[in-house]
Amino acid sequence: MSAHEQMRAMLDQLMGTGRDGENNKFKVHFTDPRVCKSFLLGCCPHDILAATRMDLGECPKLHDLALRADYESAAQKKDYFYDVDAMEHLQNFINECDRRTEQAKRRLAETQEELSAEVAAKLQRVHELAEQIGKQLALAEKLGAEGNVEESMKTWEEVEELRKQKAVAEQEYRNSMPASSYQQQKLRVCEVCSAYLGIHDNDRRLADHFGGKLHLGFIAIRDKLKELKKGRLERDRDYLRAREERNKTDRSRRHRSRSNSRHRHRSRSDERKRRSKHRRRSSSRERRRTHRRDRSKDRSDKTKVADLIKILVCHFRSRSAERRHSHSAPSNDKEVTNHEG
Ligand SMILES: [Zn+2]
Ligand SMILES: [Zn+2]
């Protein structure tokens, strides 16, 4: 990327499509179905794995930093549910990767000489230590490059300790089989990125793998997928909670209108019917519990508003009765007494 292009990308990222009245290069809005939603959320595997051994080529959907900036500012005011799309996209991608890992494992099981459970466990130990060394080495180098000398030195010491442990584990593994077998390269599949790792890989090679763009890219994608799933769960919970609140408000509103009813005995039986209907409909125990809580709350509300309702009912009845029987003597007193009895 030239300096000019870099500057342009930075401005896009900052300002979105509206900058200087220019439109974005694709002439689309970020809501356009052609736009990559994973890109808007910064997690498209086509970007993350670019220039690695598993480069996926260009994404079939549109990527534009200015559209991402538009989306980010719009998403602060409205939920577009793009995380759901991105989650699906990443899940499919990871499923495909895991399928490849399983396939590679099967192939290894077919081609590599089978080991006894005891030897296999020793080999596994060597692999695990090699993995830790590779990771720590990559970390030590990263810390060093960032100028964090103290942390880097500490990590180097850990690497030295792991190397000693690995030498012991290797010796144990070597002693458990004839020399000719030991010479054979034993491969294993990386569970994160499905690449092959060898038991005779040196530390440099391991560090290159565990600190490399491919392996780290897969970690980033897997982490993002976890984060999206968590967000989705939280949103589902919020949605259910909001629905409960809404139901509660509706119920108390219905309750108020019932209390205004002229025939109280009828409304009570109506309520019983309605409640049993609810009970049949509600699917979870949680919901039934909430109903019980609401009913007891309703009872206390009843006593609080009862007086007010009585006054209102009296007032409206007497007024309508006055209008209907403007010539005859008012009978509303009797009606109200009946109602309360
Ligand atoms: Zn994409
Ligand atoms: Zn890996």
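The residue numbering used here restarts from 1 in each chain and proceeds along that chain's sequence as written. Note on labels: chains are lettered from A, ligands numbered from 1, in written order. Under the rules for a predicted model, residues below a pLDDT of 70 receive no local features and side-chain atom pairs below 80 are neither given nor counted, while totals for whole chains, interfaces and linings still include all residues.

### A look at the overall build of the protein
Then step 1. Helix and strand definitions follow DSSP, with helices as H or I runs of at least four residues and strands as E runs of at least two, each counted in order from the N terminus. Secondary structure assignment for the protein yields 13 helices and two strands.
Then step 2. Throughout, a pair of residues is in contact if the C-beta atoms placed from their backbones lie within 7 Å. Within the protein, contacts between residues at least 6 apart in sequence are counted, and of these 70% link residues at least 24 apart.

### Focus on helix H4 (residues 65-74)
Then step 1. Looking at H4, one finds that the buried residues are Ala66, Leu67, Arg68, Ala69, Asp70 and Tyr71.
Then step 2. Where the residues of H4 are buried, they touch helix H1 (3-15) and helix H2 (37-40). Partly exposed residues are those whose C-beta has more than 12 but fewer than 20 other C-beta atoms within 10 Å; with 20 or more the residue is buried, with 12 or fewer it is exposed, and the C-beta atoms are placed from the backbone.

### Observations concerning the UniProt feature "coiled-coil region" (unreviewed entry) in the protein
Then step 1. Sites flagged by UniProt as "coiled-coil region" (unreviewed entry) map to residues 94-132.
Then step 2. When the span residues 94-132 is considered, its composition is 87% helix and 0% strand, and the gap between its end C-alpha atoms is 23 Å. UniProt positions are given in the numbering used here, feature names are shortened, and annotations may be inferred rather than shown by experiment.

### Here we look at the packing of helix H6 (residues 117-145) against helix H7 (residues 149-175)
Then step 1. To define axes, lines are fitted to C-alpha atoms, for helices over the stretch in contact only, and angles between the resulting N-to-C directions are given on a 0 to 180 degree scale. Look at H6 against H7: their axes get within 8 Å of each other, and the N-to-C directions meet at 165°. One finds that H6 runs roughly antiparallel with respect to H7. The two elements H6 and H7 meet at a crossing, and its hand is left-handed.
Then step 2. Charged means Asp, Glu, Lys or Arg here, nonpolar means Ala, Val, Leu, Ile, Met, Phe, Trp, Tyr, Cys or Pro, and polar covers whatever is left, Gly included. Residues that form the contact of H6 with H7 fall into these classes: 15 nonpolar, six polar and eight charged. Should an angle fall under 35 degrees it is taken as roughly parallel, and over 145 as roughly antiparallel, whereas 65 to 115 is taken as roughly perpendicular and any remaining angle as oblique. Crossing handedness follows the turn of the near helix against the far one: under a right angle anticlockwise gives a left-handed crossing, and clockwise gives a right-handed one.

### Observations concerning the confidence of the model for the protein
Then step 1. The predictor rates its confidence in each residue with pLDDT, a number between 0 and 100. When the pLDDT values of the protein are averaged, the result is 80; 73% of them are 70 or greater.
Then step 2. Note on residues 275-301: pLDDT is under 50 here. Beyond four places in sequence and across chains, it has 11 contacts.
Then step 3. Note that residues 326-341 has pLDDT below 50 and, in this model, 12 contacts with residues that lie over four places away or in other chains.

### Observations concerning unusual backbone geometry
Then step 1. Notably, Phe81 is not glycine yet its phi reads approximately 60°, a positive angle.
Then step 2. With respect to the secondary-structure elements, Phe81 resides in the loop between H4 and helix H5 (82-111).

### Quick notes on the nonpolar core
Then step 1. Joining buried Ala, Val, Leu, Ile, Met, Phe, Trp, Tyr and Cys residues through C-beta atoms within 7 Å gives a set, and that set is a nonpolar core. Membership of the largest hydrophobic core comes to 23 residues, with the highest contact counts inside it found for Leu40, Cys43, Leu67, Ala86, Leu90 and Ile221.
Then step 2. Residues contacting Leu90, with those up to four places away along its chain left out, are Ser38, Cys43, Ile221, Lys224, Leu225 and Leu228.
Then step 3. Among the nonpolar cores identified, the runner-up in size contains 12 residues, and Leu137, Ala138, Leu206 and Ala207 belong to it.

### Notes on H6
Since the α-helix turns once every 3.6 residues, residues separated by three or four places project in the same direction.
Then step 1. With 29 residues, H6 should cover 42 Å at 1.5 Å per step; its first-to-last C-alpha distance of 42 Å lies within 8% of that length.
Then step 2. Every buried residue of H6 is accounted for by Lys122, Leu123, Val126, His127, Ala130, Ile133, Gly134, Gln136, Leu137, Ala138 and Ala140.
Then step 3. Elements that come into contact with the buried residues of H6 comprise H7, strand S1 (187-189) and helix H9 (203-210).
Then step 4. Of the residues flanking the end of H6, it is Gly147, one or two places downstream, whose phi is positive at about 85°. Expected helix span is given by 1.5 Å per residue-to-residue step, counting one fewer step than there are residues.

### Things to note about the packing of H6 against H9
Relative orientation and spacing of two packed helices are given, respectively, by the angle between their axes and the distance between those axes.
Then step 1. Direction vectors running N to C along H6 and H9 enclose 70°, while the axes themselves pass 7 Å from each other. One finds that H6 runs roughly perpendicular with respect to H9. From H6, Ala130, Glu131, Ile133, Gly134, Lys135, Leu137, Ala138 and Glu141 reach across to H9, where they touch Asp203, Leu206, Ala207, His209 and Phe210.
Then step 2. Partitioning the contact of H6 with H9 into residue classes produces seven nonpolar, two polar and four charged.

### A word on the environment of Gln184
Then step 1. Along the chain, Gln184 turns up in the loop between helix H8 (179-183) and S1.
Then step 2. In this structure Gln184 comes out as exposed when scored by C-beta crowding, with 12 C-beta atoms within 10 Å.
Then step 3. For the pair formed by Gln184 and Glu113, sequence separation is 71 residues and the distance between their alpha carbons is 9.4 Å.

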